[in-house]
Amino acid sequence: REGVRFFSLEKTRGRMGDDSALNEVVPCVREELEAALGEESGDRWVLAAASPSRSLADFASETGYELFANPPELTAWLNDKVNFLAALDDLGLARIRGRWGRLTEMRYRETASEMGTSFVVQLARGTSGSGTAFIGSEQDHAAAGARFGVSPVWVTPDLGDLSVNINAIAMEDGVVVSCP
């Protein structure tokens, strides 16, 4: 849009199992953020975030900047794969086949016969691959089992180089989609 400048703040690392790392970003860079947005440009600034945090939404509200993002509560809810996969099922949307299980209760050969010799396991929550393991051997299976313990994991075939991690913001007049 003419006369509008977008400022995108994206998380690159986080803590496995929660969204607290994203909430820590804005307080840590608040001064720099205010300085960057305070530069005279004649344009209106819009904050854009595929994974907004409560702190970013609060910052936008406090400063009067428009936030172009899904609500942080919705994002946090969808970041849990149990909720996300259930929502896909409820909406009747296609997804990659898979199932929930615990690596401590699985055997590599049995899972490989079901999913293929190379498969992926993911914790319900994780960021930047922190809750993901690629398994292609008994050794990989044992290492992932030691790493994830008794936590439930989503098990799905390995699709190779294809990334199924997509960020999207749905609006009344269209959808913005980005690949990771």
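On a predicted model such as this, the values are computed, not experimentally measured, just so you know.

Enquirer: Explain helix α4 (residues 81-91) to me, please; I cannot follow it from the model alone.
Expert: Residues of α4 that are buried include every one of Lys-81, Leu-85, Ala-87 and Leu-88, and no others. Taken end-on, α4 shows its buried residues confined to a sector of 155°, consistent with a single buried face. Packed against the buried residues of α4 are α3 (72-78), β4 (99-102), β5 (119-123) and β7 (152-157). N-capping of α4 is provided by Asp-80, with a side-chain oxygen placed 2.9 Å from the backbone N of Val-82. Two residues or fewer after α4 comes Gly-92, characterised by a positive phi angle close to 70°.

Enquirer: I tried to follow the pattern of salt bridges on my own but got confused; where do I start?
Expert: A side chain with one charge may pair with a side chain of the opposite charge, provided their charged atoms come close. On inspection of all chains with the given rule, the structure shows four salt bridges. In this structure, Asp-58 and Arg-54 form a salt bridge, with 3.1 Å as the shortest nitrogen-oxygen distance. Pair noted here: Asp-58 and Arg-54 are both in helix α2 (residues 54-63), with a separation of four residues, about one helical turn. Classification of Asp-58 as partly exposed rests on a relative accessible area of 32%. Accessibility expressed as a relative area gives 34% for Arg-54, which makes it partly exposed. Connected through salt bridges with shared partners, the residues Arg-54, Asp-58 and Glu-73 form a single ionic network.

Enquirer: Which parts of the structure should I look at to understand the sheet that holds β7?
Expert: Pairing within the open sheet is antiparallel, and its four strands lie in the order β4-β7-β5-β6. If you trace the sheet from one side to the other, it starts and ends with β4 and β6 (132-135), each paired once. In this sheet, neighbouring strand axes are inclined to one another by 30° on average, regardless of whether the strands run parallel or antiparallel. For β4 and β7, the ladder comprises four bridges, and the chain directions are antiparallel. Note on β7: the bridge partner recorded for Trp-100 is Trp-154.

The rules behind these values
- Residues numbered from 1 in each chain as written.
- Predicted model: local features only at pLDDT ≥ 70, side-chain atom pairs only at ≥ 80, totals over all residues.
- Heavy atoms only, no water.
- Buried < 20%, exposed > 50% of the residue type's maximum accessible area, 1.4 Å probe, protein only.
- Helix = DSSP H or I, 4+ residues; strand = E, 2+ residues; numbered from the N terminus.
- Arc of directions from axis to C-beta.
- Contact = heavy atoms within 4.5 Å.
- Polar contact = N/O pair within 3.5 Å; in protein donor to acceptor, adjacent residues only side chain to side chain.
- Salt bridge = Lys/Arg side-chain N within 4 Å of Asp/Glu carboxyl O.
- Pairing = 2+ DSSP bridges.
- Axes fitted to C-alpha atoms, helices over the stretch in contact; angles between N-to-C directions.

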